[in-house]
Structures are given as C-alpha cells and as structure tokens.
Amino acid sequence: MKDQFEDKIVFITGGARGIGKGTAEVFSERGAKLAVSDLDGEELEKLETEFSSKNIEIITGEVDVTKKDDINKFVERTISEFGKIDVCVPNAGAIGSSGFSDRKNYNDEDWDITYRVNVKGLVNTTDSVKNHMIDRKNGKIVIVSSQGGRKPRGVGDKGRGNVLNPYLVSKAAAIQFTHALAIELGRFNINVNTVCPGRLWTSFWQKIAENHKALNPDFSEMDPYDIFLDQIKSNFPLGRPQEPRDIGNAIAFLASEDANQITGQALNINGGNILD
Ligand SMILES: NC(=O)c1ccc[n+]([C@@H]2O[C@H](COP(=O)([O-])OP(=O)(O)OC[C@H]3O[C@@H](n4cnc5c(N)ncnc54)[C@H](O)[C@@H]3O)[C@@H](O)[C@H]2O)c1
C-alpha cells in the first residue's frame, strides 16, 4: 500500500482540517502529491508547514468553492505545477449559517449556505477538473456527502428542531449528483463515487452537539462531547465514532485501481448506524 499512489496528484477541497486533512494524510503516506485548498487560509498555512516538514510534496490555495474563478485558478495552478490531477475529492462542506448552534428552526441563510457550498461548490469543483480528466481519459472523483443525505435520522429526538434539514437536503443532492456525474463521465474512464460518513468529532459535530444541548433539556447538563458519544454508543453497532482517517481510507480505496469497476456508488462509513 505504501506506493499505491506514487506519482499520483490528489486534489482536495476543504482540506485544512477534519476529514479533508485526514484524507490528505492517508494519500500522502501512500506516495501521492497533494493540492489542498480551503476557505481558511490560516489553518491551511499550518497544514502546509506540517506536511512540508515531513517532506510531503504539497501546494495549498485559499479557495472558496462557491467562487468559480477561485477554484478554476487553483486547478490551473495544480496542473501547471504538478502536470495533472488524478484524483479529485470535493470535501468542503457547510452545516448551516451563523447562530446555527442555538437555533431550533432553519432560516433562509441556512438554505442558502448549504446549497451554495454543498451543492454548487461541489459542482464548481467537479466542473473545474472534469475537462482535464476527459482529455486524459482518466480520473477518479470521490465526493464527500453524508449518511444524512440518504436517511434523515432523529438525534436524541426529544426537543430536536429542524435546523439540520437544509444540510440533509444538500447532501441528498450531492449523492444524486454523484449518480448523474458517474453516468456522464463513465465513457471517459472516469469513476465517480461518494462516501457517506456517519459521525466524527470535527467542527461539524461540535456545532450539532451544541445545538442539541441548547434545545433538549435532557442534555442541558452534559458536555457536548458526551452528548455526541452517548448517541454513538446507543445507536452505532460498532459503538465508536469515525475518525477522519477512516473516511480517508475509504476514499483512497475508491480512488485506487482496486475500485476500477466501481462507479456511481454511495458508500456508508458509519459504524453501521444506518444500513442502507
Ligand atoms: N463530521 C461529521 O460527522 C460528518 C458526517 C458526514 C459528512 N461530513 C462531511 O464531511 C465534510 C468535511 O467536514 P468535517 O467534518 O471534516 O468538518 P470541518 O469543519 O472539520 O471541515 C470542513 C472544512 O471545509 C471548509 N470550508 C467550508 N466552507 C468552504 C468553502 N466555501 N470553500 C472552501 N472550503 C470551505 C472549512 O473551512 C473546513 O476546513 C463535509 O462535507 C461534511 O458535510 C461530516
């Protein structure tokens, strides 16, 4: 496995922390060179320093995936510096607009931001790499969606509001987009799949746990991390949360030659929380 991605160029959005960073670690340990972008320039700088100190070849770019020009420029820079893009991982995501953690009900801004980042930002990303992959008749695209895009699920149900609905709908769109893109690009030898993570203690779930604490009287005395963990212990057959590298390992499988005949699929990486 060590050289599985030797000489491969892996392009990751939203990669400064969390799942994107864990995915970058997995690919780099298997020989890949990295082009990592994120909205958060400060966190990206830290990532570049950390990875470069381990002699990993990496370029980073402060990119907002909702801005077509930003993402197009970083794709052009990646191709000019590394010569190609073999694997694209659209991972950047938004859970809701500001104040999300204290609200029970969604507002217009929640719908706007989840659509702009999780749907349009995803489309901007794949649009920006697909012609390059079509020209090369080669490519793997692995989208990060969510198990919540397959089946919305009550969390601790009492007192739960509907503030997550825009997020869940946006992730359903990401799964459907995966199917459509796989059909569009299959004849060019480009595989398109999506991973559906369950629950990880990244900044995403920190915000959700704070939301449950604010809304559900049963949780009001609990630490947000214990709220997160309690629900995993009672609802996940494997009984433990996923880590960013768990998702990265599955993404690497789907981007590898072992998965050459897999396309248009949505793979749960969720400790068995939902089974379909
Ligand atoms: N944490 C979970 O439990 C979980 C579960 C299912 C799916 N996911 C998905 O995994 C992906 C990564 O989330 P995470 O859990 O690592 O959270 P995270 O907050 O640690 O990482 C998300 C990253 O996306 C970046 N980002 C946000 N908006 C952006 C934009 N407009 N342009 C570029 N970058 C942007 C953020 O700066 C951040 O670095 C998301 O798509 C999320 O929906 C997470």
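Here we summarise the structure given alongside this text. (Residues numbered from 1 in each chain as written. Predicted model: local features only at pLDDT ≥ 70, side-chain atom pairs only at ≥ 80, totals over all residues. Heavy atoms only, no water.)

1. So, the overall build of the chain
Piece 1. Secondary structure summary: the chain contains eight helices and seven strands in total.
Piece 2. A compact globule built from 276 residues would reach a C-alpha radius of gyration of about 19 Å, and the chain, at 18 Å, matches this within 12%.
Piece 3. Considering only C-alpha atoms, the chain reaches an extent of 55 × 40 × 35 Å along its principal axes.
Piece 4. Considering the chain as a whole, with its 276 residues, one finds that 54% of them fall into the buried category.
Piece 5. A total of about 12500 Å² of accessible surface is found on the chain, and carbon and sulfur atoms cover 47% of it.
Piece 6. If you average the places of the 34 positive and of the 40 negative side-chain charges in the chain, the two averages end up 5 Å apart. (Helix = DSSP H or I, 4+ residues; strand = E, 2+ residues; numbered from the N terminus. Rg over C-alpha atoms; globule rule 2.2 N^0.38 Å. Buried < 20%, exposed > 50% of the residue type's maximum accessible area, 1.4 Å probe, protein only. Areas by Shrake-Rupley, 256 points an atom, 1.4 Å probe, with all protein chains shown as cover. Lys, Arg positive; Asp, Glu negative; His and termini not counted. Charge placed at Lys NZ, Arg CZ, Asp CG, Glu CD.)

2. Describing the pairing of strand β3 (residues 58-62)
Piece 1. The buried fraction of β3 is high, at four of five residues.
Piece 2. Relative to β3, strand β2 (residues 33-38) is paired through five bridges, and the arrangement is parallel. Looking across to β3, one finds that S37 is bridged to G61.
Piece 3. In this fold, β2 hands off to helix α2 (residues 41-52), which returns the chain to β3; that crossover is right-handed. (Pairing = 2+ DSSP bridges. Right-handed = clockwise from strand over helix to strand, strands pointing away.)

3. A look at the sheet that holds strand β4 (residues 87-89)
Piece 1. One open sheet accounts for seven strands, arranged β3-β2-β1-β4-β5-β6-β7; its pairing is parallel. Each edge of the open sheet is held by one strand with a lone partner, namely β3 and β7 (266-269). Across the sheet, the mean angle from the axis of one strand to that of its neighbour is 15°, orientation sign disregarded.
Piece 2. With four bridges connecting them, strand β1 (residues 9-12) and β2 associate as parallel partners. Across the sheet, the residue bridging to I9 is K33, located in β2.
Piece 3. Its contacts with the sheet place helix α5 (residues 165-185) against β5 (139-144), β6 (190-197) and β7, and it is angled at close to 165° to β6. (Axes fitted to C-alpha atoms, helices over the stretch in contact; angles between N-to-C directions. Contact = heavy atoms within 4.5 Å.)

4. Description of helix α4 (residues 108-136)
Piece 1. In a regular helix each residue adds 1.5 Å, so 29 residues correspond to 42 Å; α4 covers 41 Å between its end C-alpha atoms and thus fits that length.
Piece 2. Looking at where α4 begins, the residue whose side-chain oxygen comes 3.0 Å from the main-chain nitrogen of E109 is N107.
Piece 3. Immediately downstream of α4, the backbone of K137 shows phi near 50°, a positive value. (Expected span 1.5 Å × (residues − 1). Polar contact = N/O pair within 3.5 Å; in protein donor to acceptor, adjacent residues only side chain to side chain.)

The analysis is restricted to geometry; functional conclusions fall outside its scope.
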